[in-house]
Amino acid sequence: MTNYIEAQKAFFITQATKDVSFRIKQLKKLAKLLDDNEAALHKAIHDDFKKSAFENYVTELAFVQHDIKEAIRNIDQWTRVQDVQTNIANFPAKSYIIPEPLGTCLVIGAWNYPYQLSLAPAVAAIAAGNTVIIKPSEMPSNTARVMATLINKAFDPRVLKVIEGGVAETTALLNQDFDKIFFTGSTTVGKIVYKAAAEKLIPVTLELGGKSPAIITKDANLKMAAKRLIWAKFLNAGQTCIAPDYILIHKSKQETFLKYAVAEIEKAKYAFENGNYVQIINDKNFDRLFKMLDASKTYIGGQNNKKDRYIAPTVLTNISWDHPTMKEEIFGPILPVISYYEIDEVFTNVRKFPKPLSLYVFTSNSKTKSRVLNELSFGGGAVNEAVMHISNPHLPFGGVGTSGIGTYHGKAGFDCFTHYKSILDKPTWLELPIKFSPYSKTKLAWLRRLFKLQ
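In this text, all values refer to a predicted model and were calculated from it rather than measured experimentally.

## Here we look at the pairing of strand β6 (residues 180-184)
Phase 1 of the analysis: When you tally the buried positions in β6, you get five out of five residues, the bulk of the element.
Phase 2 of the analysis: Along β6, one buried face is formed by K180, F182 and T184 and the opposite face, lined by I181 and F183, is buried too.
Phase 3 of the analysis: By the bridge criterion, four bridges tie β6 to strand β7 (residues 204-207) in an arrangement that is parallel. Directly across from F183, in β7, lies its bridge partner L206.
Phase 4 of the analysis: What joins β6 to β7 is helix α8 (residues 187-199), and the crossover it makes is right-handed.

Here's what the structure looks like:
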């Protein structure tokens, strides 16, 4: 393990990765690798938790391919030296900023979207000119194996290397001297990663989670809200960090919304065999979710089978703020619905939780929209939509507070793995004596004038 990291560091020093054509070559190679081996990638993820080829392409591989195309299309512009204004105090000189890769980066992926959340950060790191070690989650073992097999065969390990393993391997990697660590996962593990990085002052990007609310006001389009929220919640069986974790709806509209929600669930016919539903990732997570099921509050769903790690799309009603589903991020196919009478109740109760990764508001009232977007803190989100903000590469993606540190996707991803080196470039043909000793009242007067002009 250490040998791979040292080899990447040595290769980075050769300056080869700073060549834009080199970066593009690596990105094109990855794109072709994914295209040529799509069938194997589909099979591996289906073997892990029955994710269909359709959903694997739409929610994972297409994301990575789009990130690659976005990087290739814009990398010349992103890597340009940026000229900036020079202040009067530094006359005559010019000032500019040089985008510089950080070095050797560690990307620790997550299990719920194992391809996207391991490869998309790696794409950004390569585009920025870094070498990369990927540590995919060990929970979907087949996807981790296929990524390691394909990438390690196709790429120079001095540029890109996948290292498989569990907690021991991750711990060993965190003890190494990386120039950047990018982690996607739970807040609990994120704290461990952050602490390890702090010991070596390694910059970190953390993509974490939290209880992401969906707020539905009394003037919302309820039918469309149900259509979009049910899809967003039960995609990947709710195992999505930006899935709507719970719904807050005006009391007068709750019953109508629930009827629409049931209709959407029945219309979708969520099932493994229909290619639109997946297993809970493992027995541990199944058991955790099973404890949240509450027959007395189940509006629809609740059916489950531990052998198949199956929990049906479930909607719970009459939920109080101290219900078990409100104690932690659900991360599964259980959707609590809480009613409110006044919008101020929403603000008060949402603020009781740590800042969420995402927030969704469904409303036709511009004042309410403005209040939600400006008065509540969250990583990112959408108005009258859910989850889809992640698909826009022009929107930086990331959390705030305990839901994450830093952003990526598109240009933000390039920035995430880049240091911007600031340069003052001054000629030697002139040097005004004003800043040098001996000091005088006249010099001070001139300096006062200069600073006022800046």
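Having put the structure on the table, let's press on.
## So, the sheet that holds strand β2 (residues 94-101)
Across a sheet, strands are paired by hydrogen bonds formed along the backbone, either parallel or antiparallel in direction.
Phase 1 of the analysis: Across the sheet, which stays open at both edges, the three strands sit in the order β1-β2-β20 with antiparallel pairing between neighbours. In the strand order of this sheet, the two ends are held by β1 (82-84) and β20 (418-425), each with one partner. Pairwise comparison of adjacent strand axes, ignoring direction, gives a mean angle of 30° for this sheet.
Phase 2 of the analysis: Inspection of the sheet shows β2 paired to β20 by eight bridges, in the antiparallel sense. Of the residues in β20, the one forming a bridge with K94 is D425.

## Some points on the nonpolar core
Phase 1 of the analysis: Among the nonpolar cores identified, the biggest contains 113 residues, and I215, I216, I247, F257 and F417 are the most heavily contacted of them.
Phase 2 of the analysis: Among the elements that line this core, the one with the most residues is helix α5 (residues 116-127), at nine residues.
Phase 3 of the analysis: Apart from residues lying up to four places away in sequence, I215 is in contact with L248, Y340, I343, V346, L359, Y360, V361, F362, V372 and L376.

## Considering the pattern of salt bridges
Phase 1 of the analysis: For the coordinates displayed, the defined rule picks out 17 salt bridges.
Phase 2 of the analysis: For the salt bridge of E100 with K421, the shortest nitrogen-to-oxygen distance reads 2.5 Å. Linking E100 in strand β2 with K421 in strand β20, this pair joins segments that are 321 residues apart in sequence.
Phase 3 of the analysis: By relative accessible area, which is 18% here, E100 ends up buried.
Phase 4 of the analysis: Since its relative accessible area comes to 30%, K421 is described here as partly exposed.
Phase 5 of the analysis: Among the ionic pairs, K227 bridges to E264, the shortest N-O distance being 4.0 Å. Of the two residues, K227 sits in helix α9 (residues 222-234) while E264 sits in helix α10 (residues 254-268), which places them 37 residues apart along the sequence.
Phase 6 of the analysis: The partly exposed category is assigned to K227, whose relative accessible area is 37%.

Rules used in this analysis
All residue numbers here refer to positions counted from 1 along the written sequence of the relevant chain. It should be noted that, the model being predicted, local features are given only for residues of pLDDT at least 70 and side-chain atom pairs only at 80 or more, the latter also being counted only at that level, while totals for whole chains, interfaces and linings use all residues. Hydrogens and water are ignored here; the side-chain numbers use all heavy atoms of the structure. Between buried and exposed lies partly exposed: a residue is buried under 20% and exposed over 50% of the maximum accessible area for its type, with that area taken using a 1.4 Å probe on protein chains only. The numbering of helices and of strands both runs from the N terminus, where a helix is a DSSP run of H or I of at least 4 residues and a strand a run of E of at least 2. A strand pair is defined by DSSP finding two or more bridges across the two strands. The handedness of a crossover follows from its direction of travel: if, with the strands pointing away from the viewer, the path from the first strand over the helix to the second runs clockwise, the crossover is right-handed. Simply put, an axis is a line fit to the C-alpha atoms, just over the touching stretch for a helix, and the angle between two N-to-C directions goes from 0 to 180 degrees. Joining through side-chain atoms within 4.5 Å is the link that ties buried Ala, Val, Leu, Ile, Met, Phe, Trp, Tyr and Cys residues into a set, and such a set is a nonpolar core. Should any heavy atoms of two residues lie within 4.5 Å, those residues are counted as being in contact. For this analysis, a salt bridge means a side-chain nitrogen from Lys or Arg found within 4 Å of a carboxyl oxygen belonging to Asp or Glu.

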